[in-house]
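Chain residues, written in single-letter form:
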Amino acid sequence: MIIVEEKGIEVADKPTPKEKVFNDAKDKNVAAPIVYKNGAALYYDENFTNEVPFEDLLDLFLKGAVLKKGDTYAAAMGFDGVEIVFNSMTATQQAGGNPTA
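Residues numbered from 1 in each chain as written. Predicted model: local features only at pLDDT ≥ 70, side-chain atom pairs only at ≥ 80, totals over all residues. Heavy atoms only, no water.

> Is there a simple way to explain the sheet that holds strand E7 (residues 84-86) in this structure?
Within a sheet, adjacent strands bond to each other through the backbone by hydrogen bonds, running parallel or antiparallel. Taken in spatial order, the 5 strands make up an open sheet running E4-E3-E5-E6-E7, and their pairing is mixed. Each of the sheet's edge strands pairs with one partner strand only, and the pair in question is strand E4 (41-43) and E7. With direction set aside, neighbouring strand axes in the sheet form an average angle of 45°. By the bridge criterion, 2 bridges tie strand E3 (residues 34-38) to strand E5 (residues 66-69) in an arrangement that is parallel. Its bridge partner being in E5, Ile-34 is matched across the sheet by Val-66. (Pairing = 2+ DSSP bridges. Helix = DSSP H or I, 4+ residues; strand = E, 2+ residues; numbered from the N terminus. Axes fitted to C-alpha atoms, helices over the stretch in contact; angles between N-to-C directions.)

Shown next, in the form of structure tokens:
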């Protein structure tokens, strides 16, 4: 779309600003937040005492939350506005260096 100004000079529209996610001061040197799952709920601690509030889900997803269960980690793969979907794929590294799925 072109805007025609009063002086007869045509200029292009300004591009729409891109949506951005900013790091907060609390995120300094944090690679990814880790959450723990018990039943259908997510928790900030592995003792399941500090439940993740619904309002934090989008922030966790955008910052690359990792789900930890035992010694297994799963990366956040999607967020539908209600829940975070974590990767359930598995891969094993064998002693010879050949991964298996």
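Picking up after the structure, the text goes on.
> Is there a simple way to explain the pairing of E3 in this structure?
Both faces of the sheet carry side chains from a regular strand, because those side chains alternate between them. In terms of strand pairing, E3 meets E4 through 3 bridges, oriented antiparallel. Bridge pairing in E4 links Tyr-36 to Tyr-43. Hairpin connection from E3 to E4: 2 residues lie between these consecutive antiparallel strands, with Gly-39 at a positive phi of about 70°.

> Even after reading the chapter, I still don't get the nonpolar core, so can you show me in this structure?
Soluble globular proteins tend to pack their nonpolar side chains together in the buried interior. Of all hydrophobic cores here, the largest spans 11 residues; its members are Val-35, Leu-42, Val-52, Leu-57, Leu-60, Ala-65, Leu-67, Ala-74, Ala-76, Ile-84 and Phe-86. Ignoring anything within four residues of it in the chain, the contact list for Ala-74 reads Ala-65, Val-66, Leu-67, Phe-86 and Asn-87. (Core = buried A, V, L, I, M, F, W, Y, C linked by side-chain atoms within 4.5 Å. Buried < 20%, exposed > 50% of the residue type's maximum accessible area, 1.4 Å probe, protein only. Contact = heavy atoms within 4.5 Å.)

> Can you walk me through the packing of aromatic side chains in this structure?
In total, this model carries 2 aromatic pairs according to the counting rule given. Taking 6.2 Å as the distance between ring centres and 25° as the angle between the ring planes, the aromatic pair formed by Phe-61 and Phe-79 counts as stacked. One end of the pair, Phe-61, is in helix H1 (residues 57-62); the other, Phe-79, is in strand E6 (residues 72-79), with 18 residues separating them in the sequence. (Phe/Tyr/Trp six-rings, centres within 6.5 Å; stacked < 30°, edge-to-face > 60°.)

> Explanation requested: the side chain of Asp-45 in the structure shown.
Among the structural elements, Asp-45 can be located in the loop between E4 and H1. We note that Asp-45 is buried and unpaired, the nearest opposite charge coming from Lys-68 at a distance of 13 Å. Polar contacts involving the side chain of Asp-45 include one to the side chain of Thr-49, which spans 2.5 Å. Not counting chain neighbours up to four residues away, the residues in contact with Asp-45 comprise Tyr-36 and Asn-50. (Lys, Arg positive; Asp, Glu negative; His and termini not counted. Salt bridge = Lys/Arg side-chain N within 4 Å of Asp/Glu carboxyl O. Polar contact = N/O pair within 3.5 Å; in protein donor to acceptor, adjacent residues only side chain to side chain.)

> Honestly, the environment of Lys-63 in this entry has me stumped. Any pointers?
Locating Lys-63 in the fold gives a position in the loop between H1 and E5. The buried category is assigned to Lys-63, whose relative accessible area is 16%. On a C-alpha basis, the gap between Lys-63 and Val-30 in space is 9.3 Å, while along the polypeptide they are 33 residues apart. Here Asp-59 takes part through its side chain, which lies 3.0 Å from a polar atom of the side chain of Lys-63.

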